[in-house]
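# Reading the structure
Below, each chain spelled out in residue letters.
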Amino acid sequence: MRELSERFFIKEEDLDQRRYFGSLIESAMRIGMLSDSDIKKIYVDLWQILKAQAEKRVGGKSSSIPKERAEELLESIAFVIGVRLKSFLTPEEAISKIQDSALRSLFEEGMELVRMKMANAKRLQNKILGNIFYTPNIFYRATISDGINGFFKLYKPQFSAQDIHITADYPVFLERPNLEGVEFIERYLRYIEAENSFLTLFDPGHIHRLMCAVKKDYAQIPMNFFEPVFMEATGNVILGKNPKELSLSAEDIQKLKIVFTDKTTQEIALILNDAITHIKLSPRSENYAALAVFKMSEWIKQCMDLKDGNGIFTAVDTDRRILDA
Amino acid sequence: MSDANIFEQYSVNVLTMGLGSGIIQWQEVKQMKNAELALLFGGEIANKRMEEKILSCNEVSKKYGLSLSPAQAAIFAKNINEILNKAGRIEFGEGIADRIILAFCDSPYILSENYEDFLRELADLFYHFKNETHELVSDAELISFMKSEFDGECAGSMDLLSQSLTELARHINAGKSYETFKKGR
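In what follows, the accompanying structure is described. The structure presented is a predicted model; accordingly, all values stated were derived computationally and were not measured.

## Some points on the overall build of chain B
Counting secondary structure elements, chain B contains 11 helices and one strand. In chain B, the succession of helices and strands from N to C terminus is α-α-α-α-α-α-β-α-α-α-α-α. Taking all 185 residues of chain B together, 50% fall into the buried category. Considering only residue pairs separated by 6 or more positions, chain B has 61% of its internal contacts joining residues 24 or more positions apart. About 8,700 Å² of surface is accessible on chain B, with carbon and sulfur atoms providing 50% of the total.

Now the structure itself:
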């Protein structure tokens, strides 16, 4: 490993997870970590990889390709190398590897990681489908089954590793992962696995009753289930009720507004975190819920400040009439 | 211009552009000439190699009274790069300059006085129709077709050759293959 005469630091938050290789090089250049000869070596190495990939792409039938295709191949190569570089402990270590290794080896190691991620994504999909939460919503199962199968069918990591191909209709609570290719699919499925695991703790009928109260035609639109179910469950816990009932009344909601009145975001987060401990979550759902609490706390604070606390919880009754929104 | 100078000339553009969504921002790069792009990527004098390959073809072409001087080879190599740039293509292999020379040098319609011009026009047609046939006709097939048409039905006419190639492209774009086009000729 090359010795550095000075310490260089690259801020992780400056790195674009969708184009990691490119942003890593840019950041390194900005702080002087890469010399002109390093840059030239990168380009020379990339050209060699591009040549090899282009030859494979055309199957030996052509000695030239359209620039657009070369650009796609380069994006794919950069994506694959980025996958490998992300696996190093620090960005500085990744830069050191770029300086000391042939990019070809990083590319091949990256391809291996991409294949592992594909296998992991398939495993995640099978796991979810083996215990999928039942809902009449047309997008939920279709996304996990048909949508993801569509990705596996169309995905060509050798030449377009950065492509996603599918629209990923089901909107997960933690928002669409800011990633490309199989990294996106793997993260997206992890989120769905966590949400699905959480949702299967509840009676599908109770969830259906709740979702109809949120939006009558919810079965026909792409909607996230985790958020309303999570809020309803934690609302029940805060009031000392059974979280699995998912049936807050209008009176319950008024009591919850009082609980959250004049609370800071951090205090709201503490309340939610405490409530979670009373719901038996799987480890995967626990981690997901912990991330969700932060986002939900901010939203609750906003609703309390701007909307008088309306819209946080949904009141339902056993007849599934909407009592309050 | 030396390797280092060209790299330096473009280093501001290249280094500050960084590695965009691909490796380089292609909007900037397509302004570069193909030889300089290959130079930047390949780290070697790509033009020089092409010139050497072109000159090596003189061994064969001189039997037919055709040859290119080093200056003419340099011009032809430069022409190829301009044609590639115009066609929006990148050469990653050995190029087709030598293959075109070796395929056409025995043509009865190419004489020493029009040799350079014909080579340039043939290269232009080749890369244009590589695009028009959407990579579905290999380099070897396209050169072979061009030669057979040029010496045959086209009787050395570039205009007629272009028409034949247009028919081929139309056939390919209709979802059919090069093999069926050949059978139908």
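Structure shown, so let's carry the discussion forward.
## Some remarks on the pattern of salt bridges
Oppositely charged side chains may form a pair once their charged atoms are brought near each other. Summed over all chains, the structure comprises 25 salt bridges over all chains. Across the pair A:Lys241 and A:Asp252 runs a salt bridge, and its minimum N-O distance is 2.6 Å. Of this pair, A:Lys241 sits in the loop between α10 (226-238) and α11 (250-260) while A:Asp252 sits in helix α11; the two residues are 11 residues apart in sequence, bridging distant segments of the chain. Note on A:Asp252: relative accessible area 8%, which makes it buried. Across the pair B:Lys130 and B:Asp139 runs a salt bridge, and its minimum N-O distance is 2.9 Å. When its relative accessible area of 0% is taken as the criterion, B:Asp139 is described as buried. It is possible to trace a salt-bridge network through shared partners that takes in A:Lys117, A:Glu186 and A:Arg190.

## Focus on the packing of helix α1 (residues 20-30) of chain A against helix α3 (residues 67-86) of chain A
Residues and elements named next belong to chain A. Direction vectors running N to C along α1 and α3 enclose 70°, while the axes themselves pass 7 Å from each other. Judged on the interaxial angle alone, α3 and α1 are roughly perpendicular. Across the interface between the two elements, Tyr20, Phe21 and Leu24 of α1 pack against Ala78, Ile81, Gly82, Leu85 and Lys86 of α3. In terms of residue class, the contact of α1 with α3 is made up of six nonpolar, one polar and one charged.

## A look at a nonpolar patch on the surface
Residues and elements named next belong to chain B. Together, Val60, Tyr64 and Leu102 make up an exposed nonpolar region whose accessible area comes to about 250 Å². Here Tyr64 is to be found in the loop between α5 (58-61) and α6 (70-87). When its relative accessible area of 45% is taken as the criterion, Tyr64 is described as partly exposed.

## Thoughts on helix α12 (residues 265-276) of chain A
Residue and element names in this part refer to chain A. The end-to-end C-alpha distance of α12, which contains 12 residues, comes to 16 Å, matching closely the 16 Å that a straight helix rising 1.5 Å per residue would cover. Among all positions of α12, only Ile268, Ala269, Ile271, Leu272, Ala275 and Ile276 are buried. Projection of α12 onto a plane perpendicular to its axis shows the buried side chains occupying an angular sector of 160°, all on one side. Seen from the buried face of α12, the exposed residues on the opposite side, beyond 90 degrees, are Gln266 and Leu270. Elements in contact with the buried residues of α12: α10, α11 and α13 (283-306).

The rules behind these values
- Residues numbered from 1 in each chain as written.
- Chains lettered and ligands numbered in written order.
- Predicted model: local features only at pLDDT ≥ 70, side-chain atom pairs only at ≥ 80, totals over all residues.
- Heavy atoms only, no water.
- Helix = DSSP H or I, 4+ residues; strand = E, 2+ residues; numbered from the N terminus.
- Buried < 20%, exposed > 50% of the residue type's maximum accessible area, 1.4 Å probe, protein only.
- Contact = heavy atoms within 4.5 Å.
- Areas by Shrake-Rupley, 256 points an atom, 1.4 Å probe, with all protein chains shown as cover.
- Salt bridge = Lys/Arg side-chain N within 4 Å of Asp/Glu carboxyl O.
- Axes fitted to C-alpha atoms, helices over the stretch in contact; angles between N-to-C directions.
- Parallel < 35°, antiparallel > 145°, perpendicular 65-115°, else oblique.
- Nonpolar A, V, L, I, M, F, W, Y, C, P; charged D, E, K, R; others polar.
- Patch = residues over 30% accessible without salt bridge, like charges linked within 9 Å, V, L, I, M, F, W, Y side chains within 5 Å.
- Expected span 1.5 Å × (residues − 1).
- Arc of directions from axis to C-beta.

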